[in-house]
Amino acid sequence: MATSEDVVADGAAAGAARRRRPPVLRGQGPAVAVVAVGGALGATARYGAGLLWTTGPSAFPWTTLLVNVVGCAVIGVFLVVVTEGRPAHPLLRPFFGTGVLGGFTTFSTYAVDARRLLEEGRPGPAVAYLGLTLVAALAAVWAAAAVTRRLLLRGAGRRG
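Note that the coordinates shown come from a computational prediction; the quantities given were computed from them, not determined experimentally.

On to helix H5 (residues 107-119). Between the first and last C-alpha of H5 there are 18 Å, a value that for 13 residues agrees with the 18 Å anticipated at 1.5 Å per step. All of the buried residues in H5 are Tyr-110, Asp-113, Ala-114, Arg-116 and Leu-117. Down the axis of H5, the smallest arc covering the buried residues is 160°, so these residues share one side. Exposed residues lying more than 90 degrees from the buried face of H5 are Phe-107, Val-112, Arg-115 and Glu-119. Phi turns positive, to about 75°, at Gly-121, one or two residues after H5.

Written out as structure tokens, the structure reads:
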């Protein structure tokens, strides 16, 4: 049976352990901040795309498909440039790759759009949308990365 002295000792030990443990966000504040700002910018851009190219409530979700494919192509270019091109500021990748492009592309709307199509009794378009988005997004990131890599190598050949 625990005595009041045991409880006090356990509480003191737990307090000492908490004091020794570094705060979770120590050193991560700038990265969290740039991801948040980038995410707001990316989400705003996606919202703008929806305003520019509206699709009706029962229409095929072309805007979401296009946004996701374009976002994947941009991340293909971006990651090759920052990993194989010139050195970049350490906060550029979290700002643009995670924040802007993470906010711009949307898995949740993709899932909601597919569910809506299914609920409307349109399984063919729903499956086509799911498959087309997946294939087009993967092809976009692969092709954009390959073309960017080729352009970087060509540019490095001219300088060297």
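This is not the end of the story, as more comes after the structure.
The next point concerns the nonpolar core. Nonpolar side chains in soluble globular proteins generally cluster together in the buried interior. Counting residues in each nonpolar core, the largest one holds nine residues, listed as Phe-60, Leu-65, Val-69, Tyr-110, Ala-114, Leu-117, Ala-126, Tyr-129 and Ala-140. Those elements that provide at least two residues to this core are helix H3 (62-84), H5 and helix H6 (123-159). Not counting the four nearest positions on each side in its chain, Leu-117 is found in contact with Pro-61, Arg-122, Pro-125, Ala-126 and Tyr-129.

We now examine the packing of aromatic side chains. Tallied over the full model, the rule gives five aromatic pairs. Aromatic pair Phe-60 and Tyr-129: ring centres 5.6 Å apart, planes at 85°, arrangement edge-to-face. Residue Phe-60 is located in the loop between helix H2 (29-52) and H3, and its partner Tyr-129 is located in helix H6; the two are separated by 69 residues in the primary sequence. For the pair shown, Phe-60 and Tyr-129 are each scored as buried.

What follows is about the packing of H2 against helix H4 (residues 92-104). Taken N-terminus to C-terminus, the directions of H2 and H4 make an angle of 35°; their axes are 6 Å apart at the nearest point. In this structure, the crossing between H2 and H4 has a hand that is right-handed. Facing H2, whose interface residues are Val-34, Val-35, Val-37, Gly-38, Gly-39, Leu-41, Gly-42, Ala-43, Ala-45 and Arg-46, H4 presents Pro-94, Phe-95, Thr-98, Gly-99, Val-100, Gly-103 and Phe-104. The class makeup of the residues in the contact of H2 with H4 is 10 nonpolar, six polar and one charged.

Turning our eyes to something else, we now look at the pattern of salt bridges. A complete count under the given rule lists four salt bridges for this structure. For Glu-120, the salt bridge identified is with Arg-116, shortest N-O distance 3.3 Å. A single network of salt bridges, built from pairs that share partners, joins Arg-116, Glu-120 and Arg-122.

In this section: a nonpolar patch on the surface. Nonpolar side chains collect at one region of the surface, where Leu-52, Trp-53, Trp-62, Leu-66, Val-70, Val-74 and Leu-132 lie side by side and expose about 660 Å² of accessible area between them. Looking at which element gives the most residues to the nonpolar patch, the answer is H3, with four residues. Inspection of the secondary structure assignment puts Trp-62 in helix H3.

Our next topic: the environment of Thr-148. Position of Thr-148 among the secondary structure elements: in helix H6. Leaving out residues up to four positions away in the same chain, Thr-148 has contacts with Val-77, Val-80 and Val-81.

Conventions adopted
Residues numbered from 1 in each chain as written. Predicted model: local features only at pLDDT ≥ 70, side-chain atom pairs only at ≥ 80, totals over all residues. Heavy atoms only, no water. Helix = DSSP H or I, 4+ residues; strand = E, 2+ residues; numbered from the N terminus. Expected span 1.5 Å × (residues − 1). Buried < 20%, exposed > 50% of the residue type's maximum accessible area, 1.4 Å probe, protein only. Arc of directions from axis to C-beta. Core = buried A, V, L, I, M, F, W, Y, C linked by side-chain atoms within 4.5 Å. Contact = heavy atoms within 4.5 Å. Phe/Tyr/Trp six-rings, centres within 6.5 Å; stacked < 30°, edge-to-face > 60°. Axes fitted to C-alpha atoms, helices over the stretch in contact; angles between N-to-C directions. Left-handed = near helix turned anticlockwise from the far one by under 90°. Nonpolar A, V, L, I, M, F, W, Y, C, P; charged D, E, K, R; others polar. Salt bridge = Lys/Arg side-chain N within 4 Å of Asp/Glu carboxyl O. Patch = residues over 30% accessible without salt bridge, like charges linked within 9 Å, V, L, I, M, F, W, Y side chains within 5 Å. Areas by Shrake-Rupley, 256 points an atom, 1.4 Å probe, with all protein chains shown as cover.

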